Amino acid sequence: MRIDVVSIFPEYLAPLELSLIGKARQDGLLELNVHDLRTFTTDKHRTVDDTPYGGGAGMVMKPEPWAQALESIAGNAAVGAASQGVPAKKPVLIVPSPAGERFNQALAYELAEEEQLVFACGRYEGIDERVIEWAAEHFAVRPISLGDYVLNGGEVAVLAMVEAIGRLLPGVVGNPESLVEESHSDGLLEYPVYTKPSSWRDREVPAVLLSGNHGKIAQWRRHEQYRRTAERRPDLLAEFDAGGLTRADRAAFGELGYDVVDRQLRRRPDSGDPA
Ligand code: 6GU
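Right, let's walk through the structure included here. Per chain, the residues get numbers from 1 upward, laid out in the order the sequence is written. In keeping with the predicted nature of the model, local features appear solely for residues at pLDDT of at least 70, side-chain atom pairs appear and are counted solely at 80 or more, and the whole-chain, interface and lining totals rest on all residues. Calculated side-chain values reflect all of the structure's heavy atoms, with hydrogen atoms and water omitted.

1. Considerations on the site of the ligand
Near the ligand, the surroundings consist of Pro96, Ser97, Pro98, Ile144, Ser145, Leu146, Gly147, Tyr149, Val150, Leu151, Gly153 and Ala157. N or O atoms closer than or at 3.5 Å make up a polar contact, with two conditions inside protein: a donor-capable atom paired with an acceptor-capable one, and, for residues adjacent in sequence, both atoms drawn from side chains. Here a nitrogen atom of the ligand and a backbone polar atom of leucine 151 are 3.2 Å apart. Strands here mean DSSP runs of E at least two residues long; helices mean DSSP runs of H or I at least four residues long; both are numbered from the N terminus. Residue contributions to the shell around the ligand peak at 3 residues, all from strand β5 (residues 92-102). Gly is placed with the polar residues, together with every amino acid not listed as nonpolar (Ala, Val, Leu, Ile, Met, Phe, Trp, Tyr, Cys and Pro) or charged (Asp, Glu, Lys and Arg). For the shell around the ligand, the class distribution of residues is 8 nonpolar, 4 polar and no charged. Any residue with at least one heavy atom within 4 Å of a molecule or strand is counted as near it.

2. Observations concerning a nonpolar patch on the surface
Patch members must show over 30% relative accessible area and no salt bridge, and they are joined within 9 Å when carrying like charges or within 5 Å when they are nonpolar side chains of Val, Leu, Ile, Met, Phe, Trp or Tyr. Each accessible area is a Shrake-Rupley estimate made with a 1.4 Å probe; only the visible protein chains count as cover when residues are assessed. The term salt bridge refers to a side-chain nitrogen of Lys or Arg lying within 4 Å of a carboxyl oxygen of Asp or Glu. There is a patch of nonpolar side chains on the surface, built from Phe9, Tyr12, Tyr149, Leu151 and Val156 and spanning about 430 Å² of accessible area. With respect to the secondary-structure elements, tyrosine 149 resides in the loop between β7 (140-145) and α5 (155-166).

3. Concerning the pattern of salt bridges
Per the counting criterion, the structure on display carries 15 salt bridges. A salt bridge links glutamate 114 to lysine 89, with the shortest nitrogen-to-oxygen separation between them at 2.7 Å. On the criterion of sequence distance, the pair formed by glutamate 114 in the loop between α3 (105-112) and β6 (116-120) and lysine 89 in the loop between α2 (63-83) and β5 is long-range, its members being 25 residues apart. With relative accessibility at 59%, the residue lysine 89 sits in the exposed group. The salt bridge involving arginine 102 is made with aspartate 148; its shortest N-O contact spans 3.7 Å. With arginine 102 in strand β5 and aspartate 148 in the loop between β7 and α5, the pair connects residues that are 46 residues apart, well separated along the chain. Using a relative accessible area of 47% as the deciding quantity, one classes arginine 102 as partly exposed. Residues joined by salt bridges that share partners form a network here, namely Glu101, Glu110 and Arg142. Here's how the labels work: a residue is buried when its accessible area is under 20% of the maximum for its type, exposed when over 50%, partly exposed in between, all with a 1.4 Å probe on protein chains only.

Everything listed here is a matter of coordinates, which is why it stays silent on function.
Structure, rendered in structure tokens:
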């Protein structure tokens, strides 16, 4: 995969040289380029922002530096594709914004399949909207949000998204099995984990985990996922496919106040407030 990030604070992306993602870059599994938007300005002061039409607080990012930056990146991609004799597929242009669609694990998996991702980090009140419209000529444009809160710019969001996507690329995570049993991989939160010592400050590791009974352990872990998800993220249970549940699984959900109706979990009306 190739990733290009455009920002007025390229130093903000330095952590992408560390740890798993840094190693993936060294190993050639991921090509990542960070571009300084100001190098695409033409005035003496390297201006990237101006006051908003219609008035109001803050500044808006000027369109032309963005067009220059994105054209140079799209041009490189098209030339690269042509040199390999393949038809150029439009790279995905991700615009981090609290006004975008929500980022989640399913979207991370989807984006991990792409050949090239370009991230356009806005600052101030955002980028002139005409850039977003114009960019559709060269890119598949996706405004994406991490969640319902406001960051000062897209850079921190890019760190999060590149890490979430990058770790799904083949070979980046050493043991691919660790991608299977983690939160959100099956639409549920992860079960709690424990390590030695088995007794620590008068707290015991759940006995089932020391039993050696792998069937019992798997079932306990599954039921802990149900309990945690019901307590912390009941919204996820509305999306959960309950069609394949065993009798014991249904009973576990029953104790949490959920019945299975048409493959769906339904919160029982008399089961009180959700935790
Ligand atoms: Cl992706 N960008 C910005 N600037 N703020 C955000 C966000 C993204 N997600 C949540 N808040």
